[in-house]
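Examination of the molecular architecture
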Amino acid sequence: MCYNYNGDGMTILDIIDKKRLKGELTRDEIEFAINGYLNNSIKDYQMSSLLMAIVLNGMTDRETVDLTDIMIKSGDIIDLSNVDGIIVDKHSTGGVGDKVTLVFAPLLASLGIKIAKMSGKGLGHTGGTIDKLESIEGFNTKLSKEDFVNQVNNINIALVSQSENLVPADKKIYSLRDVTGTVESLPLIASSVMSKKIASGADIIIIDVTVGTGALIKNLDDARELSRLIVKIGKSYRKPTICIITNMDEPLGYAIGNALEVKEAIETLKGNGPSDLLEIVITLCSIILGAVKKISNEEAKNILFKQLNNGEAYKKFEEFVKAQGGDLKKLKVSGKFFSIKSDRNGYINKINAQKLGEIAKQIGAGRSELNDSIDYDVGLVLSKKVGDYVEKEEELLKVYLKNKDVSINDLLECYEIDDELKPMPKLIFDVIK
Ligand code: URA
């Protein structure tokens, strides 16, 4: 086959063909496809075809770095040079009950580290930090650029929803991937995540790569490869980038659902958090604190625990919520709730995070499409975690509802309860930098 790749003769059909035949696309070809899609000269069906060829045949590291760079340049690049000090950004590839950012950000900010973060809304069975914050009445997730920078300078922390024009190429391509079965590609995920992080302007990037039934990445080898790619992209911008690979087979902590998760984050900030959530928060924060303050990991951990137990971390959270207009006194969860009881005695060996996430979405805690509205005060609160023993008729979880119903059988099917306790899975698999 003969291709015409360069100059005026370049066509999207040639580019699709080249990737279909496992070829390596040049930067010009990737640029032609991405920019053409953004200006509508390349159609949804053509871009879907190219994306599927990438899903099946992959991309080299060079192609992935070029794709990331082209996506970054498709929109605004946030200039944080007016913020004094080292700015940290954190991201998770998604999970169920994942409220890590709500603890991580104020905890580090209470120690003088700047957190300037743009977050997305939740989609599908995983939640989004913006929805969680918006469950606090009055909380404003849309600050002007000037207010965003001023707030970070004044109180070390600001958390807003992604600006409209941040990586528009990713916005358009991600929506298409979502409905064409082309989400699950490591180079596409790495470039999607990192384009938004690099365009957001932080100095240090830390990514929680979740792996397991409740996560986008289902196996550890893929999580390691994704982390390697993410770190490589970070290095190409000279931005220290760290990935921590964490288990998302069961939900993180006990609460799933926006206001319920904020409540659990508050307890964690007051030093009373669930052990799995606490372990991930402390690991992420100690890596950052150790690097910024040039202290050992042990020293960093001691400082962080002290900050949770002496009230300083929670004080920073209150200050941050108030600065963005939120009123914590009005944080409320639905008054309509009931218990799901175990139908047998035994050890809990599995709690299916993905299925519980789907059920939480179904009762209104999440959305299927980006413009769906959600109920902030509904969700699920586990009473037991994997490894716990449960008696027949003992409570497994509470369901907080509003006007949508839920099937008790569907909930019970999320649990695997046996006579014998299976070995406990690891919570943190690896740190890659
Ligand atoms: N999160 C993103 O931002 N992009 C992906 O492709 C997957 C998860």
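A tally of helices and strands in the chain yields 16 helices and 13 strands. Relative to its length of 433 residues, the chain is compact, with a C-alpha radius of gyration of 22 Å against a globular reference of 22 Å. Taking the principal axes of the C-alpha coordinates as reference, the chain spans close to 70 × 50 × 40 Å. Sorting the 433 residues of the chain into buried and exposed places 57% on the buried side. Excluding contacts between residues fewer than 6 apart, the proportion of contacts in the chain whose partners are at least 24 apart in sequence is 78%. Here the chain displays about 18,300 Å² of accessible surface, and carbon together with sulfur accounts for 49% of that area. In the chain, the 56 positive side-chain charges and the 63 negative ones have mean positions that sit 3 Å from each other.

Another point: the site of the ligand. Neighbouring the ligand are Tyr174, Arg177, Ile189, Ser192, Val193, Lys196 and Leu216. One of the side-chain nitrogen or oxygen atoms of Arg177 is found 2.9 Å away from an oxygen atom of the ligand. Within the contact set of the ligand, a nitrogen atom lies 2.6 Å away from a side-chain nitrogen or oxygen of Ser192. With the chains in place, 90% of the 240 Å² that the ligand exposes on its own is no longer accessible. Counting only elements with at least two residues in the shell around the ligand, the list comes to α8 (168–178) and α9 (186–199). Residues belonging to the shell around the ligand are distributed by class as follows: 4 nonpolar, 1 polar and 2 charged.

A word on the domain arrangement of the chain. Looking at the assigned domains, one finds that the chain contains domain 1 (12–58), domain 2 (87–329) and domain 3 (334–418). Just the C-alpha atoms count here: the centres of domain 1 and domain 2 sit 31 Å apart. Contact with domain 1, which involves 12 residues of that partner, is made by 13 residues of domain 2. Taking both sides of the interface into account, the surface hidden between domain 1 and domain 2 amounts to around 1,100 Å²; carbon and sulfur atoms contribute 80%. A per-residue breakdown of the area domain 1 buries against domain 2 is headed by Tyr37, Leu51 and Val55, which together make up 46% of the total. Viewed at the interface, domain 2 and domain 1 are joined by 2 residue pairs in polar contact (both at pLDDT 80 or more). Broken down by secondary-structure element, the contributors of at least two residues to the side of domain 1 that touches domain 2 are α2 (27–38) and α3 (44–57). Looking at side-chain class alone, the side of domain 1 that touches domain 2 contains 8 nonpolar, 3 polar and 1 charged residues.

Moving on, we get to the packing of aromatic side chains. In the structure shown here, the tally under the stated rule is 5 aromatic pairs. Taking the centre distance of 5.0 Å and the plane angle of 75° together, the rings of Tyr347 and Tyr389 count as edge-to-face. A residue pair is termed long-range when its members are at least 10 positions apart, and Tyr347 in strand β8 (residues 346–351) and Tyr389 in strand β10 (residues 389–390) qualify at 42 residues. Look at Tyr347 and you get partly exposed, because its relative accessible area is 28%. Through a chain of ring-to-ring contacts, the aromatic side chains of Phe139, Tyr314, Phe317 and Phe320 assemble into a single cluster.

If you walk across this open sheet you meet the 3 strands as β10-β8-β12, and the pairing is antiparallel. With partners counted over all chains shown, the strands left at the sheet margins are β10 and β12 (415–418), one partner each. As defined by bridge partners, β8 adjoins β10 across 2 bridges and the pair is classed as antiparallel. Each residue of the ladder has a partner; that of Gly346, found in β10, is Val390.

Now for the packing of helix α1 (residues 12–20) against α3. It is at 8 Å that the axes of α1 and α3 come closest, and there the two elements cross at 15°. The angle between the axes of α1 and α3 places the two elements in the roughly parallel class. For the pair α1 and α3, the sense of crossing is left-handed. For the pair α1 and α3, the contacting residues are Ile12, Ile15, Ile16, Lys19 and Arg20 in the first and Gln46, Ser49, Leu50, Ala53, Ile54 and Asn57 in the second. Among the residues forming the contact of α1 with α3, the class breakdown is 6 nonpolar, 3 polar and 2 charged.

If you trace the 6 strands from one edge of the open sheet to the other, you get β3-β2-β1-β4-β5-β13, paired in mixed fashion. Of all strands in the sheet, those bounded by a partner on one side alone are β3 (157–161) and β13 (428–432). With strand direction ignored, the average angle separating the axes of adjacent strands in the sheet is 20°. Bridge count between strand β5 (residues 241–247) and β13: 4 bridges; the pairing is antiparallel.

Here β8 pairs with β12 via 4 bridges, running antiparallel. Considered in β12, the bridge of Lys350 is made with Glu416.

Within this structure, the stated rule accounts for 31 salt bridges. Its salt-bridge partner being Asp430, residue Arg224 comes within 2.9 Å of it at the nearest N-O pair. Of the two residues, Arg224 is situated in helix α10 (residues 220–236) and Asp430 in strand β13; the sequence distance between them amounts to 206 residues. Its salt-bridge partner being Lys330, residue Asp327 comes within 3.9 Å of it at the nearest N-O pair. Overall, Lys330 belongs to the partly exposed group, its relative accessible area being 43%.

The rules behind these values
- Residues numbered from 1 in each chain as written.
- Predicted model: local features only at pLDDT ≥ 70, side-chain atom pairs only at ≥ 80, totals over all residues.
- Heavy atoms only, no water.
- Helix = DSSP H or I, 4+ residues; strand = E, 2+ residues; numbered from the N terminus.
- Rg over C-alpha atoms; globule rule 2.2 N^0.38 Å.
- Buried < 20%, exposed > 50% of the residue type's maximum accessible area, 1.4 Å probe, protein only.
- Contact = heavy atoms within 4.5 Å.
- Areas by Shrake-Rupley, 256 points an atom, 1.4 Å probe, with all protein chains shown as cover.
- Lys, Arg positive; Asp, Glu negative; His and termini not counted.
- Charge placed at Lys NZ, Arg CZ, Asp CG, Glu CD.
- Near = heavy atom within 4 Å.
- Polar contact = N/O pair within 3.5 Å; in protein donor to acceptor, adjacent residues only side chain to side chain.
- Nonpolar A, V, L, I, M, F, W, Y, C, P; charged D, E, K, R; others polar.
- Domains from an automatic or database assignment.
- Buried area = accessible area lost by both parts, 1.4 Å probe.
- Phe/Tyr/Trp six-rings, centres within 6.5 Å; stacked < 30°, edge-to-face > 60°.
- Pairing = 2+ DSSP bridges.
- Axes fitted to C-alpha atoms, helices over the stretch in contact; angles between N-to-C directions.
- Parallel < 35°, antiparallel > 145°, perpendicular 65-115°, else oblique.
- Left-handed = near helix turned anticlockwise from the far one by under 90°.
- Salt bridge = Lys/Arg side-chain N within 4 Å of Asp/Glu carboxyl O.

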